[in-house]
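# Structural characterization, general
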Amino acid sequence: MQPLKCASFFAGVGGIDLGFKTAGFETIYANEFDAYPAKTFELNFPSIHVDVRDINSVKAEEIPDFDVMLAGFPCQAFSIAGYRKGFDDEKGRGELFFQLVRILEAKKPRIAFFENVKNLVGHDNGNTFRVICEQLDLLGYKYTYQVLNAMNYGNVAQNRERIYIVAFRDEADYEKFHWPLSVPLTNSVRDIIDFTNPVDAKYYYTAGKYKGDIYEQLVSAMKDDDKKNPAIYQWRRKYVRQNKSGVVPTLTANQGEGGHNVCLIHTDDNKIRKMTPRECFNTQGFPKDFKLPDDMSDARLYKQAGNSVCVSVISRIAEKVKEAVK
């Protein structure tokens, strides 16, 4: 069969697209309002010129016909880490879902795939999610959803729970779809983080480099002796948090900027440093050949990694979608 054509909204750096690409789908259109992740997207999908307009300004007739809608619509309004305002978010991020509904109604694609934070289900006592489901019902889509953790379904050493929604226009496709089963976690943090080889000096914490006694606190707290499966640490503004689960904690958009939630490691040669942007993309299951712009700040790359998706989980779901529609 010919590859099903995808249109990607809130596309970010293309993590969802990459997962579907590995399963044999083809992205023909992408919309991303932020020019920085759009640049990273184009670097890895050179045939796509990302539409960087506000989705409110994009008319359905301007979008080429497509079979699959891909959308990791903004999750800040629903995130536990945010203010949990949902559809009442003053920046309008919660309401952006209704722009997807507008495009779905006009284009009527065969499949729609959504990714969001786990908290979407429980937000506002379930009312936010109920509205989303009602909209899909009104459009005639049959849908199913699951909360999946990257370390259980993507074989990636990151504790990342996200909700995935798959909606089908045709009931026959919906009946044949099955979610992927969990897989053993055989990869460790050493598969995504280089504890042995040196990296750029800017990532290291050293005495006197930062104000206050941050370095001294880190040295005192970071005494992990498990070299086979090292712990990952975080500087939490005023204290050091040790993650003993053997995986990287959930990456966030403010990851690595030197403040709250920055992930730190204790290297094999007894030094303390931040995870690099490349290691953060590794933690999201991106392949080693995924290109990062060399003229973009680390802060922007950390944000892009934290805002993205676990590619290996997406790929496994996409394979199941392909099986259902064969």
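Provided above is the structure to which this section pertains.
Residues numbered from 1 in each chain as written. Predicted model: local features only at pLDDT ≥ 70, side-chain atom pairs only at ≥ 80, totals over all residues. Heavy atoms only, no water.

### Structural notes on the sheet that holds strand S1 (residues 5–9)
Note the threshold: Two strands are counted as paired when DSSP detects at least two bridges linking them. Numbering of helices and strands runs from the N terminus, with a helix taken as a DSSP run of H or I at least four residues long and a strand as a DSSP run of E at least two residues long. Each axis is a line fitted through C-alpha atoms, taken for helices only over the stretch in contact, and angles between the N-to-C directions span 0 to 180 degrees. Note on definitions: a residue-residue contact is assigned when non-hydrogen atoms from the two residues lie within 4.5 Å.
Reading across from one edge, S2-S1-S3-S4-S6-S5 is the order of the six strands in this open sheet, with mixed pairing throughout. Sheet topology places strand S2 (26–31) and strand S5 (142–149) at the edges, where each strand pairs with a single neighbour. On average, each strand axis in the sheet is inclined to that of its neighbour by 20°, with strand direction left out of account. Summarising the sheet, S1 and strand S3 (residues 68–71) pair through four bridges and their orientation is parallel. Among the inter-strand pairings, Ser8 is bridged to a residue of S3, identified as Leu70. Together, S1, S2, S3 and strand S4 (111–117) form the strand contacts of helix H1 (residues 15–22), whose direction differs from that of S3 by roughly 140°.

### Quick notes on unusual backbone geometry
Positive phi, close to 50°, is recorded for Phe10, a residue that is not glycine. Summarising the element assignment, Phe10 is placed in the loop between S1 and H1.

### Concerning the sheet that holds strand S9 (residues 240–243)
One key point about sheets: their strands pair by backbone hydrogen bonds, in either a parallel or an antiparallel sense. Pairing is antiparallel in the open sheet, where five strands are placed in the order S7-S11-S10-S8-S9. Edge positions in the sheet fall to strand S7 (204–205) and S9, since each has one partner strand and no second. Inspection of the sheet shows strand S10 (residues 262–266) paired to strand S11 (residues 272–274) by three bridges, in the antiparallel sense. Bridge pairing in S11 links His266 to Ile272. Contacting S7, strand S8 (232–235), S9, S10 and S11, helix H7 (residues 214–221) crosses the sheet at an angle of about 150° to S8.

### Let's talk about the nonpolar core
As a reminder, the rule being used: In this description, a nonpolar core means a group of buried Ala, Val, Leu, Ile, Met, Phe, Trp, Tyr and Cys residues linked to one another through side-chain atoms lying within 4.5 Å. Throughout this description, buried means an accessible area under 20% of the type-specific maximum (1.4 Å probe, protein chains only), exposed means over 50%, and partly exposed covers the range between.
Core analysis: the biggest nonpolar cluster contains 32 residues, and Ile193, Ile232 and Val248 have the highest contact counts within it. Within the residue set of this core, elements represented by two or more residues are helix H2 (35–44), S10, helix H8 (277–283) and helix H9 (298–307). Considering every element that reaches this core, the biggest residue donor is H9, with three residues. Beyond its immediate sequence surroundings of up to four residues, Ile193 is in contact with Ile232, Val248, Ile265, Arg273, Met275 and Glu279.

### With respect to the pairing of S10
When a strand is regular, its side chains alternate between the sheet's two faces. Of all the five residues making up S10, five are buried; the element is thus mostly covered by neighbouring parts of the structure. Of the two faces of S10, the one lined by Val262, Leu264 and His266 and the one lined by Cys263 and Ile265 are each fully buried. With three bridges connecting them, S8 and S10 associate as antiparallel partners. Bridging from a neighbouring strand, Gln234 pairs with Cys263 of S10. Connecting the antiparallel pair S10 and S11 is a turn made up of five residues, with Asn270 showing a positive phi of about 70°.

### Some thoughts on the pairing of S8
Residue alternation in S8 divides its side chains into two sets, Ile232 and Gln234 and Tyr233 and Trp235, and both sets are buried. Bridge analysis of S8 against S9 gives four bridges, and the strand direction is antiparallel. Note that in S9 the partner of Ile232 across the bridge is Asn243.

### What about empty space enclosed by the protein?
What counts here: Grid points spaced at 1 Å over the protein atoms alone were grouped into cavities, where a 1.4 Å probe fits but cannot get out, and pockets, open sets with protein on both sides within 12 Å along at least five of seven lines, with lining residues defined by an atom within 4 Å of a point. Grid points are joined across faces, edges and corners, and a volume is the space filled by probe spheres set on the points. Put simply, Ala, Val, Leu, Ile, Met, Phe, Trp, Tyr, Cys and Pro go in the nonpolar bin, Asp, Glu, Lys and Arg in the charged bin, and everything else, Gly too, in the polar bin.
Counted according to the given criterion, the structure contains one cavity of 30 Å³ or more. Its boundaries defined by the atoms lining it, the largest cavity holds a volume of some 40 Å³. Forming the boundary of the largest cavity are Asp224, Asp226, Lys227, Pro230, His266 and Asp268. Across the lining of the largest cavity, the residue classes tally to one nonpolar, one polar and four charged.

### Some points on the side chain of Thr283
Put simply, the rule is: Counting of polar contacts relies on pairs of N or O atoms within 3.5 Å, with two restrictions inside protein: one atom must be capable of donating a hydrogen and the other of accepting it, and residues adjacent in sequence are counted only when both atoms are side-chain atoms.
Locating Thr283 in the fold gives a position in helix H8. A distance of 2.7 Å separates a polar side-chain atom of Thr283 from the backbone oxygen of Glu279. If we ignore the near neighbours within four places in the chain, the residues touching Thr283 are Val156, Gln158, Ile192, Val248, Leu251 and Met275.

### Structural notes on the pattern of salt bridges
Formally: Only one rule defines a salt bridge in this text: a Lys or Arg side-chain nitrogen within 4 Å of an Asp or Glu carboxyl oxygen.
All chains considered together, the criterion is met by 14 salt bridges. The closest approach of N and O atoms between Lys39 and Asp295, which form a salt bridge, is 2.6 Å. You can see Lys39 sitting in helix H2 and its partner Asp295 sitting in the loop between H8 and H9, a full 256 residues away along the chain. One salt bridge connects Asp173 with Arg110, and the closest N-O pair in it is separated by 2.7 Å. Residue Asp173 is located in helix H6 (residues 171–176), and its partner Arg110 is located in the loop between helix H3 (97–107) and S4; the two are separated by 63 residues in the primary sequence. Sharing partners across several salt bridges, the network here consists of Asp51, Arg53 and Glu62.

### Focus: the state of the cysteines
What counts, and what does not: Cysteine sulfur pairs qualify as disulfides if the two atoms are within 2.5 Å.
Across all of its chains, the model carries zero disulfides by this definition. Note on Cys280: no disulfide assigned, nearest cysteine sulfur contributed by Cys263 at a separation of 6.7 Å. Take Cys280: its relative accessible area is 0%, and that puts it in the buried class.

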